[in-house]
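Given next are the chains, with one letter for each unit.
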Amino acid sequence: MDYSVLVIHLLGAAVWTGGHLVLALTVLPRALRLRDPEILREFEQGFERIGIPALLVQVASGVWLAWRYSPDPIAWITLADPVSAGIGLKLGLLVLTALFAVNARFRVIPQLSAETLPLMALHIRAVTLFSVLFVATGAYLSRGGF
Ligand code: HEM
């Protein structure tokens, strides 16, 4: 069972982090160069359909895996030991990701124009950085350290 959950977690990571790297490194620079918000809107509409389910799968499978490592959620929040601290860091990244994603979805994207593209770029770069840190923290957890 743990093996299947880990495979699902890795697939979700491929979609979430991979999708954001494609967005930040290829789609976003094109939209900024051409000052065309439509390019981002088109990508977001397609990606949202698999990106959001992938993130939800990450949270469910991640909590399952975290439970196996440290079955005390209080230790995750108090960063009681190095493994729990890694799990706590992932939860912190999740909160930051949710704040940026909700702000982008409900405040930035509805007003998206050539003028507000740099603000959207900031959101995309931040969520992409968090997605890479999710992977780095996951590797730290799976190896039991650096
Ligand atoms: C988009 C969000 C996330 C991404 C991209 C992500 C990515 C990864 C990756 C790449 C690994 C390495 C797996 C390996 O090589 O063994 C991993 C492991 C892990 N992740 Fe996540 N993760 C995410 C969210 C979460 C969340 C929310 C939690 C729970 C708090 C979590 C808990 C874990 C745990 C406990 C492991 C170690 C699994 C093991 O080795 O058995 N992850 N994650």
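Residues numbered from 1 in each chain as written. Predicted model: local features only at pLDDT ≥ 70, side-chain atom pairs only at ≥ 80, totals over all residues. Heavy atoms only, no water.

**Overview of the packing of aromatic side chains**
Under the criterion given, the structure shown has four aromatic pairs. The interplanar angle of 65° and the centroid separation of 5.6 Å between the aromatic rings of Phe100 and Phe130 together place this pair among those described as edge-to-face. Residue Phe100 is found in helix H4 (residues 82-108), and its partner Phe130 is found in helix H5 (residues 117-143); the two are separated by 30 residues along the sequence. The exposure class of Phe100 is partly exposed, given its relative accessible area of 24%. An aromatic cluster of three or more residues is present, and its members are Trp16, Phe43 and Phe47. When the ring centre of Phe106 is taken as reference, the NZ or CZ atom of Arg105 above it lies at 5.5 Å. (Phe/Tyr/Trp six-rings, centres within 6.5 Å; stacked < 30°, edge-to-face > 60°. Helix = DSSP H or I, 4+ residues; strand = E, 2+ residues; numbered from the N terminus. Buried < 20%, exposed > 50% of the residue type's maximum accessible area, 1.4 Å probe, protein only. Lys NZ or Arg CZ within 6 Å of the ring centre and 35° of its normal.)

**Things to note about the coordination of the iron atom of the ligand**
Ligation of the iron atom of the ligand by protein atoms is provided by His9 (NE2) and Lys90 (NZ), these donors lying 1.8 to 2.1 Å from the ion. Around the iron atom of the ligand sit six donor atoms, and with donor-metal-donor angles ranging over 82 to 178° the site reads as octahedral. Of this pair, His9 sits in helix H1 (residues 2-34) while Lys90 is found in helix H4, placing the two residues 81 residues apart along the sequence. Taken individually, His9 and Lys90 each receive the classification buried, so the pair is uniform in this respect. (Donors = N, O, S within 2.8 Å, 3.2 Å for Na, K, Ca; no water. Tetrahedral: all angles 85-135°; square planar, octahedral: opposite > 155°, others 65-115°.)

**Regarding the site of the ligand**
Close to the ligand lie 22 residues, the nearest being His9, Trp16, Tyr69, Lys90 and Ser142. Tyr69 has a polar side-chain atom sitting 2.9 Å from an oxygen atom of the ligand. Contact distances for the ligand include 3.5 Å between an oxygen atom and a side-chain N or O atom of Ser142. Of all elements in the fold, only H1, helix H2 (37-69), H4 and H5 reach the threshold of two or more residues within the shell around the ligand. A breakdown of the residues in the shell around the ligand according to their chemical character gives 15 nonpolar, six polar and one charged. (Near = heavy atom within 4 Å. Polar contact = N/O pair within 3.5 Å; in protein donor to acceptor, adjacent residues only side chain to side chain. Nonpolar A, V, L, I, M, F, W, Y, C, P; charged D, E, K, R; others polar.)

**Digging into a nonpolar patch on the surface**
Residues Tyr3, Val7 and Leu11 make up a contiguous nonpolar surface patch of roughly 340 Å² in combined accessible area. As for its position among the elements, Leu11 is in helix H1. (Patch = residues over 30% accessible without salt bridge, like charges linked within 9 Å, V, L, I, M, F, W, Y side chains within 5 Å. Areas by Shrake-Rupley, 256 points an atom, 1.4 Å probe, with all protein chains shown as cover. Salt bridge = Lys/Arg side-chain N within 4 Å of Asp/Glu carboxyl O.)

**Observations regarding the pattern of salt bridges**
Where side chains of opposite charge bring their charged atoms close, a pairing between them can arise. Enumeration over the complete set of coordinates arrives at four salt bridges. Here Arg41 and Glu38 are joined by a salt bridge, their closest N and O atoms 2.6 Å apart. A residue pair is termed a helical-turn pair when its members lie 3 or 4 positions apart in one helix, as Arg41 and Glu38 do in helix H2 at three residues. The exposure class of Glu38 is partly exposed, given its relative accessible area of 40%. The salt bridge involving Glu48 is made with Arg105; its shortest N-O contact spans 3.2 Å. Taken together, the residues Glu48 in helix H2 and Arg105 in helix H4 connect sequence positions 57 residues apart. Given a relative accessible area of 33%, Glu48 falls into the partly exposed group. Looking at Arg105, the relative accessible area reads 39%, which means it is partly exposed.

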